[in-house]
Structure formats: C-alpha cells, structure tokens
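Report on the structure
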Amino acid sequence: MKPQVRKGQVPPALTREQFGQRFRMRFYDPAFRGEDAAIERLEAIAYDGYCQARKAPITRKAGPEFQDPDYDMSVEWYEARQRLIAAQQRWCDPGAPSRVLVICGSPRNDGTCPGEMSKTFRLAKIAEDALRAPGIETDFLDLSLLASDYDRHIHPCKGCVSTAMPLCHWPCSCYPNHELGQVNDWMNEIYERWVSAHGVLLVTPTHWYTMSSPLKLMMDRLVCADGGNPDPTRTGGKDPEKAKVLELQGWDYPQHLAGRAYGVVVHGDVAGIEGTRRALSDWLDWMGLVDAGPQARLDRYIGYYEPYATSHDTLDADEAVQGEVCNSAHALAEAVALLRKGELSAPGKDLARPRRK
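Note that the coordinates shown come from a computational prediction; the quantities given were computed from them, not determined experimentally.

Scanning the model with the defined rule gives 26 salt bridges in all. Glu-189 is the salt-bridge partner of Arg-193, the closest N and O atoms lying 2.7 Å from each other. Linking Arg-193 with Glu-189, this pair stays in helix α6 (residues 187-196), spanning four residues, or about one helical turn. For Glu-189, a relative accessible area of 37% corresponds to the partly exposed category. Beyond isolated ion pairs, a larger network of salt bridges with shared partners links Arg-99, Glu-137, Asp-139, Glu-189 and Arg-193.

This part is about the packing of aromatic side chains. Scanning the model with the defined rule gives 13 aromatic pairs in all. Ring centres 4.9 Å apart and planes at 90° place the aromatic pair Tyr-304 and Tyr-305 in the edge-to-face group. By relative accessible area, Tyr-304 is classed as partly exposed at 48%. One aromatic cluster is present, formed by Phe-19, Phe-23, Phe-27, Phe-32, Tyr-47 and Tyr-50 through successive ring pairs. The ring centre of Tyr-47 lies 4.7 Å from the NZ or CZ of Arg-16, which sits over that ring. Here Arg-60 stacks its cationic end above the ring of Tyr-78, 3.7 Å away from the centre of that ring.

Before going further, it helps to spend a moment on the nonpolar core. Ranked by internal contacts, the top residues of the largest apolar core, which has 47 residues, are Trp-194, Leu-202 and Met-218. Taken together, the elements giving at least two residues each to this core come down to α3 (75-92), β3 (99-104), α6, β5 (199-205), α7 (213-221), α8 (240-248), β6 (261-268) and α9 (273-286). Per-element tally for this core: the top contributor is α6, with five residues. The contact partners of Leu-202, leaving out residues within four places of it in the chain, are Ile-103, Trp-194, Leu-215, Met-218, Gly-263, Val-264, Val-265, Leu-280, Trp-283 and Leu-284. Counting residues in hydrophobic clusters, the runner-up holds 28 residues, among them Leu-131, Ile-136, Ala-331 and Val-336.

Before going further, it helps to spend a moment on the packing of α3 against α6. It is at 8 Å that the axes of α3 and α6 come closest, and there the two elements cross at 15°. By the angle between their directions, the pair α3 and α6 is classed as roughly parallel. Regarding α3 and α6, the two cross each other, and that crossing is right-handed. Contacts between α3 and α6 involve Ala-80, Arg-83, Leu-84, Ala-87, Gln-88, Arg-90 and Trp-91 on the former and, on the latter, Asn-188, Tyr-191, Glu-192, Val-195 and Ser-196. Considering only residue class, the contact of α3 with α6 consists of six nonpolar, three polar and three charged.

On to the side chain of Glu-179. Within the secondary structure, Glu-179 sits in the loop between α5 (145-148) and α6. Of the buried charged residues, Glu-179 lacks a salt bridge, with Lys-55 as the closest side chain of opposite charge at 7.7 Å. Once residues lying within four places of it in the same chain are set aside, the contact partners of Glu-179 are Gly-49, Tyr-50, Ala-53, Arg-54 and Lys-55.

This part is about helix α1 (residues 16-24). Burial in α1 covers these residues: Phe-19, Gly-20 and Phe-23. The buried residues of α1 all sit within an arc of 100° when viewed along its axis, so they share a single face. With respect to the buried face of α1, the exposed residues turned more than 90 degrees away are Glu-17 and Arg-22.

A separate point is the state of the cysteines. Scanning all chains against the criterion turns up zero disulfides. The thiol sulfur of Cys-113 is not disulfide-bonded, and the nearest other cysteine sulfur, from Cys-104, lies at 17 Å.

Turning our attention to the side chain of Asn-188. Within the element layout of this structure, Asn-188 appears in helix α6. Using a relative accessible area of 16% as the deciding quantity, one classes Asn-188 as buried.

Moving on, we get to unusual backbone geometry. A cis geometry characterises the amide bond from Trp-170 onward to Pro-171, with omega recorded as -5°. Residues other than glycine seldom take positive phi values, yet Tyr-253 does so here, at roughly 50°. Tracing the backbone shows Tyr-253 in the loop between α8 and β6.

This next bit is on the environment of Gly-159. Positionally, Gly-159 belongs in the loop between α5 and α6. We classify Gly-159 as partly exposed; its relative accessible area is 28%. A C-alpha to C-alpha distance of 22 Å links Gly-159 and Gly-105, two positions 54 residues apart in sequence.

Thresholds, definitions, all that
Residues numbered from 1 in each chain as written. Predicted model: local features only at pLDDT ≥ 70, side-chain atom pairs only at ≥ 80, totals over all residues. Heavy atoms only, no water. Salt bridge = Lys/Arg side-chain N within 4 Å of Asp/Glu carboxyl O. Helix = DSSP H or I, 4+ residues; strand = E, 2+ residues; numbered from the N terminus. Buried < 20%, exposed > 50% of the residue type's maximum accessible area, 1.4 Å probe, protein only. Phe/Tyr/Trp six-rings, centres within 6.5 Å; stacked < 30°, edge-to-face > 60°. Lys NZ or Arg CZ within 6 Å of the ring centre and 35° of its normal. Core = buried A, V, L, I, M, F, W, Y, C linked by side-chain atoms within 4.5 Å. Contact = heavy atoms within 4.5 Å. Axes fitted to C-alpha atoms, helices over the stretch in contact; angles between N-to-C directions. Parallel < 35°, antiparallel > 145°, perpendicular 65-115°, else oblique. Left-handed = near helix turned anticlockwise from the far one by under 90°. Nonpolar A, V, L, I, M, F, W, Y, C, P; charged D, E, K, R; others polar. Lys, Arg positive; Asp, Glu negative; His and termini not counted. Arc of directions from axis to C-beta. Disulfide = S-S within 2.5 Å.

Written out as structure tokens, the structure reads:
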C-alpha cells in the first residue's frame, strides 16, 4: 500500500504587507531611520527569497559519496557533515586525549535580565575543575548564551521523525532556513561538540517540574542523533513520500552518539528533581550512551523552600552538594577511561533490538 501523506495544516503565506511588518521589526531602533531606503531594498530581496522558497540559496552537487550524486545539496549542511565526520574520527583515535562535554543547562547569567550568574553555572564549573584533575580535556557548553548572545538560536525541532525516520537527517537539515529567516542556529556546532566527546555531563536546574527550556531545545534537536539519516539524497531532501517508503522498506535507526559515557546533575528548590533526573537518564540511555554509575546521576535540593534571594549563599554553605557534584565528575572520568580501554561492561549493547524505533 502506498503511504499517504496528510496535508492541510499549513496556514496561508504572509501577504507582502505582513512580511514587511515582520522584517522591519529588526530595524525598530530609531538609529536605523537614516537607512530606511537601504532597508526597503533588503526587504524586497528577502521577500523574493520567501516567495521563491530559497531555503538553501547556496548548493553543490552531492557527489559520489551519496546515493544521488546529482542532488543539489546545501553547502552549509555538507560542511556541517564533514565536521562531524572529522569529530567522529578524533573520537575513535585511541591516542587522542579523553574529552568530556560539560553542559550548563540554565538560561540565566549575569549578562542578561537576572543580572546574576546561575547556581547551575557554578555547579558545572565545580564539575569541570574536578574533571581536569585526572587529565580530562573539557569542553564547557553554556546554554545561557541563548539568552545573552546577539541573534544566537537553537531553533525548535520540526518533528520530521513523526512523518518518517529517514526524513530526519544527521545532522539536522531543517536549519538554516534562509527563506524564513531561521538562521544563526547553534546546533551544527553543538552536534560537533557532542560527537567529539567521550563523556557528557548534563547540569540543569528544575523549571516547572522538568529541565530548563534551553536544554530541552537541544535535546529535541538531538533526535537526529538517534536514527537520523546521514544521506538526505535518499529522501530527495524533504520529500515525505520518499521517506515513508524508505522507512517501510526497513530502517536501521543508527545511533550516532552511542558508546559515550554520561552523568547527570539536577538541582531544584521545591519539587521535580527526581523526575527530571530520571527523564534525562532515560533519554541518554535510549540514545546508546553508557551511564557512569549511581554517583554520576545526582538530584539535590539547594535551599529547600528557602528564599531565592539567598540561594547562592545556601550553595556556598552546602559543601556536601559541592562534593557530590565532584563525585559525579570523578565517576564520569572513571567511566570514560574504562570505556576507552574496553573494560566497562554495558550488558546487552550488542543484542539486536526487536523494536528498532
């Protein structure tokens, strides 16, 4: 039976006036008024790109390494793919230093509205210092830059997987989308940093019973690491019918980040820490990462039902939680070393999964 592609949800295209209103909001500052004529010309070019659907305005022929060598492939996507290949080669090199990616999941820093650093940042830095002691090379990813950097984004996942797994490309090909102005997406850099890491330590606050929004954005965009299609020419780019047929022929759901060790540190002040720690651990398990043991999976309250205003002081006084974060880092370092020597058991990793999804 031929797969059916359901249509009818997309709203009408913006009118010329609607497009212009949105485009010009980037130039709301009166300092731009002397350049209104230039802005008008840029707006006309951008609107033409919108009407012509120029998602990827610069392309190259895919070449012989892809199923369809004549496919017009985004140069930006191809370059991101090449960086991931090089990162995976570094990861596989037994002579390369062990590398751990420490992720600060809070959106808060003292360069934006709160005017104060986050406790998450402090805990992540404690972990980073502990990791350096055994000679680990660390990479610190501070997701709060989404809130404080100019025009930096992690654009939302568009759910291509739910149409068919092969439609979700590795790395993600949904962005940049120049037609819609969805640019400056951070994820191509973040993919490379995950691939380069032998271990990953996630540190997050609890926001409304779950992880922070920047961390969740990154998680959703990492769906392509679990089953994603490394050859977009096989689906003709984003052709849903081709992707459905390909999945139904049998898809192997490659796990592009499998074999890396992980630790998780979740903190909060009222509720939700255990569920968040479990959710993050389940997610990483699902992607084929290897947990670094119970001490590397930590959930703790800092100032339980105490005022927010003194929470940093509470963290200063809580030397036990600081020590536990150090232990999380040390356990992860041990797991990385054992994994790289082939001495860490991960029972079941070579078993065929009856349900591949």
